[in-house]
Amino acid sequence: MLRLSQEKYVTKVLQRFGMERAKSVDSTLPTNYKVSKDQCPKTKSKKAEMSKVPYASEVGSLMYAMVCTRANIGYAVKVVRQYMSNPRREHWTIVKWILQYLRGPSSMCLRFSSGKPKLEDSTDSNISVDVDTSRSTSGYVMTYVGGDVSWKSRLQKFVTLSTMEAEYMAHVKAEKEVI
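A short tour of the structure in this document, coming up. (Residues numbered from 1 in each chain as written. Predicted model: local features only at pLDDT ≥ 70, side-chain atom pairs only at ≥ 80, totals over all residues. Heavy atoms only, no water.)

### Some thoughts on the packing of helix α3 (residues 55-68) against helix α4 (residues 74-81)
Then comes step 1: Interaxial distance between α3 and α4 falls to 10 Å at its minimum, and their mutual angle equals 155°. Put simply, α3 runs roughly antiparallel to α4. In this structure, α3 crosses over α4, and the sense of that crossing is left-handed. Facing α3, whose interface residues are Y55, V59, L62, M63 and M66, α4 presents G74, V77, V80 and R81. (Axes fitted to C-alpha atoms, helices over the stretch in contact; angles between N-to-C directions. Helix = DSSP H or I, 4+ residues; strand = E, 2+ residues; numbered from the N terminus. Parallel < 35°, antiparallel > 145°, perpendicular 65-115°, else oblique. Left-handed = near helix turned anticlockwise from the far one by under 90°. Contact = heavy atoms within 4.5 Å.)

### A look at the layout of surface pockets
Then comes step 1: There is about 470 Å³ of room inside the largest pocket.
Then comes step 2: Lining the largest pocket are 21 residues, and of these G74, Y75, G139, K152 and S153 sit closest to its centre.
Then comes step 3: Breaking the lining of the largest pocket down by element, the ones donating at least two residues are α3, α4, β3 (119-126), β4 (137-144) and β5 (147-155).
Then comes step 4: Among the residues forming the lining of the largest pocket, the class breakdown is seven nonpolar, eight polar and six charged.
Then comes step 5: Space inside the second largest pocket adds up to approximately 290 Å³.
Then comes step 6: Together, 14 residues line the second largest pocket, and L155, Q156, K157, M169 and K173 are the ones closest to its centre.
Then comes step 7: Contributing elements (two or more residues each) for the lining of the second largest pocket: β4, β5 and α6 (163-178).
Then comes step 8: Looking at the lining of the second largest pocket, the element that brings in the most residues is α6, giving five residues. (1 Å grid on protein atoms, 1.4 Å probe; cavity = no way out; pocket = protein on both sides within 12 Å on 5 of 7 lines; lining within 4 Å. Points joined across faces, edges and corners; volume = space filled by probe spheres on them. Nonpolar A, V, L, I, M, F, W, Y, C, P; charged D, E, K, R; others polar.)

### Quick word on the pattern of salt bridges
Then comes step 1: A full pass over the atoms with the stated rule returns two salt bridges.
Then comes step 2: Between K118 and E120 there is a salt bridge, and its shortest N-O distance comes to 3.4 Å.
Then comes step 3: Judged by its relative accessible area of 41%, E120 is partly exposed. (Salt bridge = Lys/Arg side-chain N within 4 Å of Asp/Glu carboxyl O. Buried < 20%, exposed > 50% of the residue type's maximum accessible area, 1.4 Å probe, protein only.)

### A look at the environment of R81
Then comes step 1: Mapped onto the fold, R81 is located in helix α4.
Then comes step 2: Taking the C-alpha atoms as reference points, R81 and S125, 44 residues apart in sequence, are found 19 Å from one another.
Then comes step 3: Leaving out residues up to four positions away in the same chain, R81 has contacts with V59, M63 and R154.

Encoded structure:
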């Protein structure tokens, strides 16, 4: 069995941002979160206040973990990275929440078994989840011999009119990746 882990990296990130003793949480995003571009600071004083917060650095650290071994935080990172140029306190609170989530299962890793080579895909979508554009989110995970090898979570290019259409769009994206 092959294992790929970023446990030491996650521990360093938590220490760097003062979250090593934070209480862990069970989900990647708080329930009933609502963020939008309308919440971004508009006054110079609010922007200056948020410029002191290491928002971009924290999101960048989360993105590195997500790209390398932590597909499970993909959707949450997608949500917060939209606001890197002009974050608000609410956006930063969600970043800290994701760090708290990482504090719990920091020993999670990708595991590849020595079983029969088999490529599997899993897809999902969430209709009209984006407050600003009303677009749906698609996601997929490709698994090979038990380990995740490819994953993506993105807003769909078009506004879908039904759950079925959103699911179909997600499935098409995943099948393109398989091919």
